[in-house]
Every structure is written in structure tokens, then in C-alpha cells.
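# Structural features, examined
Spelled out from the first residue to the last, the chains are:
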Amino acid sequence: MIKFHLVLLFIITAMSTAAQYSQGAKDSAQNEIRQLTDAWNKAIINRDSAMLEKILAPDYSLNGAVNRSAWMNNTMHHIITDTLEVTAPLQITFYGQSCKAEGSFFWKAAFDGIPRINGEYAVTDVWIKRNGHWQVLMRMSLQTKTR
């Protein structure tokens with residue numbers, strides 16, 4: 001009976017230690033996703049292709065319809081972004097080596113010099129961790145308010 005209690009105590013201790021580690025790892029990953037989202041927004045504004053290459057997965061798509069190369073071409077050559085900011089804290093949910101980040105953004109930009117984008121968007125990003133690095137696989141966005 002004492003042996004049973006010792007084994008049970010060991011299992012409970014091991015489980016609580018694993019849970020603490022998992023929460024710490026989750027907190028660290030949440031911070032990393034938030035930092036990468038900020039870096040992504042700055043890279044769009046500054047047309048920083050090196051940072052975009054780092055953040056976007058090779059198979060990235062916007063709304064499941066615009067592939068990575070078309071998105072990069074538009075961002076680097078056609079869209080001039082004045083403002084792009086997160087307007088509500090990201091809500092991040094993890095699924096193993098992937099996560100979903102949901103938030104609200106305000107975006108103001110021109111396409112080929114013509115103002116076309118000026119509104120608030122509900123955004124859901126799907127991130128994956130490959131080779132120890134987080135990359136965004138897909139962004140789904142929907143304009144919720146025009147300014």
C-alpha cells in the first residue's frame with residue numbers, strides 16, 4: 001500500500017511538473033508569435049523582403065486564394081502601407097507544433113498609388129513551427145469596418 005502511494009505521489013508530481021513546463025513553453029511561444037506578428041507588420045510597412053521571407057512559410061496563402069509569390073509581389077511592388085497595427089490583443093491557441101492567432105487590425109494602404117485600403121479587419125493566422133522556427137502558413141482576413 002505504501003508503495004502504491006509513493007508511485008501515485010510520483011505520478012502526480014511528474015504531471016504537475018510537466019504542466020508547469022508546458023505553460024512556460026506556451027507563454028514563451030505566445031510571446032514569440034506576438035513579436036513575429038509585430039515584425040511582420042513592420043516588414044509590410046517597410047517592404048522588408050528579408051524579414052517577410054523569414055516569417056512567411058513557403059506554402060503561405062492569404063484567404064486560401066492568394067499564394068505566397070503573388071502576395072509578395074503585391075506587398076513589395078504595388079501596396080504602399082501607411083498604417084498597419086494590431087487593435088486588440090491576439091488570442092493564441094496552440095495545437096501541438098501549430099497555433100491559431102486571432103486578432104483585429106487596422107490597415108491603411110494604397111495600391112499602385114490609389115488609396116484602396118482603409119479599415120479594420122478580423123484576422124486569423126495559422127502558424128506552424130518547422131525546424132525550431134515559427135512561420136505563418138495562412139492568413140484569413142475579413143474587413144469588419146471601413147474608415
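Residues numbered from 1 in each chain as written. Predicted model: local features only at pLDDT ≥ 70, side-chain atom pairs only at ≥ 80, totals over all residues. Heavy atoms only, no water.

## Details of helix α3 (residues 68–77)
Operational definition: Accessible area is worked out with a 1.4 Å probe on protein chains only. A residue is then buried under 20% of its type maximum, exposed over 50%, and partly exposed in between. A run of H or I in DSSP becomes a helix once it reaches four residues, and a run of E becomes a strand once it reaches two; helices and strands are each numbered from the N terminus. When we speak of the arc, we mean the arc of directions from the helix axis to the C-beta atoms.
Along α3, the positions that sit buried rather than exposed are Arg-68, Trp-71, Met-72, Thr-75 and Met-76. The buried residues of α3 occupy one face: seen down the axis, they fall within an arc of 120°. α3 presents Ser-69 and His-77 as exposed residues on the side facing more than 90 degrees away from its buried surface.

## A look at the layout of surface pockets
The test is simple: Grid points spaced at 1 Å over the protein atoms alone were grouped into cavities, where a 1.4 Å probe fits but cannot get out, and pockets, open sets with protein on both sides within 12 Å along at least five of seven lines, with lining residues defined by an atom within 4 Å of a point. Grid points are joined across faces, edges and corners, and a volume is the space filled by probe spheres set on the points. Three categories are distinguished: nonpolar for Ala, Val, Leu, Ile, Met, Phe, Trp, Tyr, Cys and Pro, charged for Asp, Glu, Lys and Arg, and polar for the others, with Gly belonging to the last.
In this structure, the largest pocket encloses a volume near 330 Å³. Breaking the lining of the largest pocket down by element, the ones donating at least two residues are α1 (2–46), β1 (56–62), α3, β3 (79–95), β4 (98–111), β5 (114–130) and β6 (133–146). Residue classes in the lining of the largest pocket are distributed as 14 nonpolar, five polar and one charged. Approximately 170 Å³ is the volume attributed to the second largest pocket. What lines the second largest pocket is Ser-22, Ala-25, Lys-26, Ser-28, Ala-29, Glu-32, Phe-94, Gly-96, Gln-97, Lys-129 and Trp-134. Of the residues contributing to the lining of the second largest pocket, the split by class is four nonpolar, four polar and three charged.

## A short note on the side chain of Gln-135
Just so we agree on the cut-off: Here a polar contact means two N or O atoms within 3.5 Å. Within protein one must be a hydrogen donor candidate and the other an acceptor candidate, and residues neighboring in sequence count only if both atoms are side-chain atoms. Contacts are residue-level and defined by heavy atoms, with any inter-residue pair within 4.5 Å sufficient.
Position of Gln-135 among the secondary structure elements: in strand β6. Within the local environment of Gln-135, its side chain forms a polar contact with the backbone oxygen of Lys-54, the two atoms lying 3.2 Å apart. Beyond its immediate sequence surroundings of up to four residues, Gln-135 is in contact with Glu-53, Lys-54, Ile-55, Leu-56, Ala-57, Pro-58, Val-126, Trp-127, Ile-128 and Arg-130.

## Describing unusual backbone geometry
Positive phi, close to 55°, is recorded for Asn-63, a residue that is not glycine. As for its placement among the helices and strands, Asn-63 is situated in the loop between β1 and β2 (66–67). Here the phi dihedral of Asp-112 falls at roughly 50°; this positive angle occurs in a residue that is not glycine. Along the chain, the position of Asp-112 falls in the loop between β4 and β5.

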